[in-house]
Amino acid sequence: MSPPISPLPKGFAELSADLAEAIVAHCQLILVSKFIEKRQQDIPGKGVRRQLEILCNVCALNLLHKHLGDFISTGSIMPKQGALANEQLILLYSQFRPNVVALVDAFNYTDHYLGSVLGR
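As the structure is a prediction and not an experimental result, all values here were calculated from the model. Every chain is numbered independently, its residues counted from 1 as its sequence is written. Whole-chain, interface and lining totals are the exception, using all residues; otherwise, since this is a predicted model, local features are given only for residues with pLDDT of at least 70 and side-chain atom pairs are given and counted only at 80 or more. The basis for every side-chain value is the complete set of heavy atoms in the structure, and neither hydrogens nor water enter the calculation.

> What am I meant to see in the side chain of arginine 39 here?
Strands are runs of DSSP state E lasting at least two residues, helices are runs of H or I lasting at least four, and both sets are numbered from the N terminus onward. Structurally, arginine 39 can be placed in helix α1 (residues 12–39). Within the buried set, arginine 39 has no salt-bridge partner at all; the shortest N-O distance to an opposite charge, 4.9 Å, is to glutamate 53. Beyond its immediate sequence surroundings of up to four residues, arginine 39 is in contact with Arg49, Glu53, Cys56 and Asn57. Note on exposure labels: buried denotes an accessible area under 20% of the residue type's maximum, exposed denotes more than 50%, and partly exposed covers the range between, all computed with a 1.4 Å probe on protein chains only. Counting rule for charge: Lys and Arg are taken as positive, Asp and Glu as negative, and neither His nor the chain ends is counted. By salt bridge we mean one thing: a side-chain nitrogen of Lys or Arg within 4 Å of a carboxyl oxygen of Asp or Glu. Here a residue-residue contact requires only that any non-hydrogen atoms of the pair lie within 4.5 Å.

Have a look at this one:
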């Protein structure tokens, strides 16, 4: 009788965590790329384009902030660039904050559904 065939190549288990991180990073890249692509299209409504630009930049910079150590350790960005990105993220939050309630309300979820007291 022949030995059982392993369903996974040898070494796969050692690399599975890295592969999972690569998959997540790829999905995040697609998300940000599609967001940028969509915001470049014609967007109706007064001020909607600007708010979507801010939201897109917040999304991208938040991912950069979340994975800053990885970007710096791979040499993709320098520490000074990371610090500048974090400063820009804080600035964008301050621009975005006044419209958060209206943006959440635009999705038409109830405060009860969201478990929130925003907008009451």
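> Any chance you could explain the packing of aromatic side chains here in plain terms?
For any pair of aromatic rings, the description rests on two quantities: the centre-to-centre distance and the angle between the ring planes. We call Phe, Tyr and Trp rings a pair once their centres come within 6.5 Å, taking the six-membered ring for Trp, and we label the pair stacked below 30 degrees between planes, edge-to-face above 60, and tilted otherwise. Under the definition given, this model contains one aromatic pair. Ring geometry for tyrosine 109 versus tyrosine 113: centroids 5.0 Å apart, planes at 15 degrees, classification stacked. The partly exposed category is assigned to tyrosine 109, whose relative accessible area is 44%. Look at tyrosine 113 and you get exposed, because its relative accessible area is 59%.

> Just checking my understanding: could you explain unusual backbone geometry for this structure?
The bulk of non-glycine residues show a negative phi, and the bulk of peptide bonds are trans. Even without glycine at this site, asparagine 108 takes up a positive phi of about 65 degrees. Inspection of the secondary structure assignment puts asparagine 108 in the loop between α5 (100–106) and α6 (111–114).

> Teacher, can you tell me more about the pattern of salt bridges here?
Two side chains carrying opposite charge are able to pair once their charged atoms lie near each other. Taken as a whole, this structure holds two salt bridges when the rule is applied. Here arginine 50 and glutamate 53 are joined by a salt bridge, their closest N and O atoms 3.6 Å apart. A residue pair is termed a helical-turn pair when its members lie 3 or 4 positions apart in one helix, as arginine 50 and glutamate 53 do in helix α2 (residues 48–66) at three residues. What makes arginine 50 partly exposed here is its relative accessible area of 40%. Taking relative accessible area as the criterion, glutamate 53 reaches 22% and is therefore assigned partly exposed.

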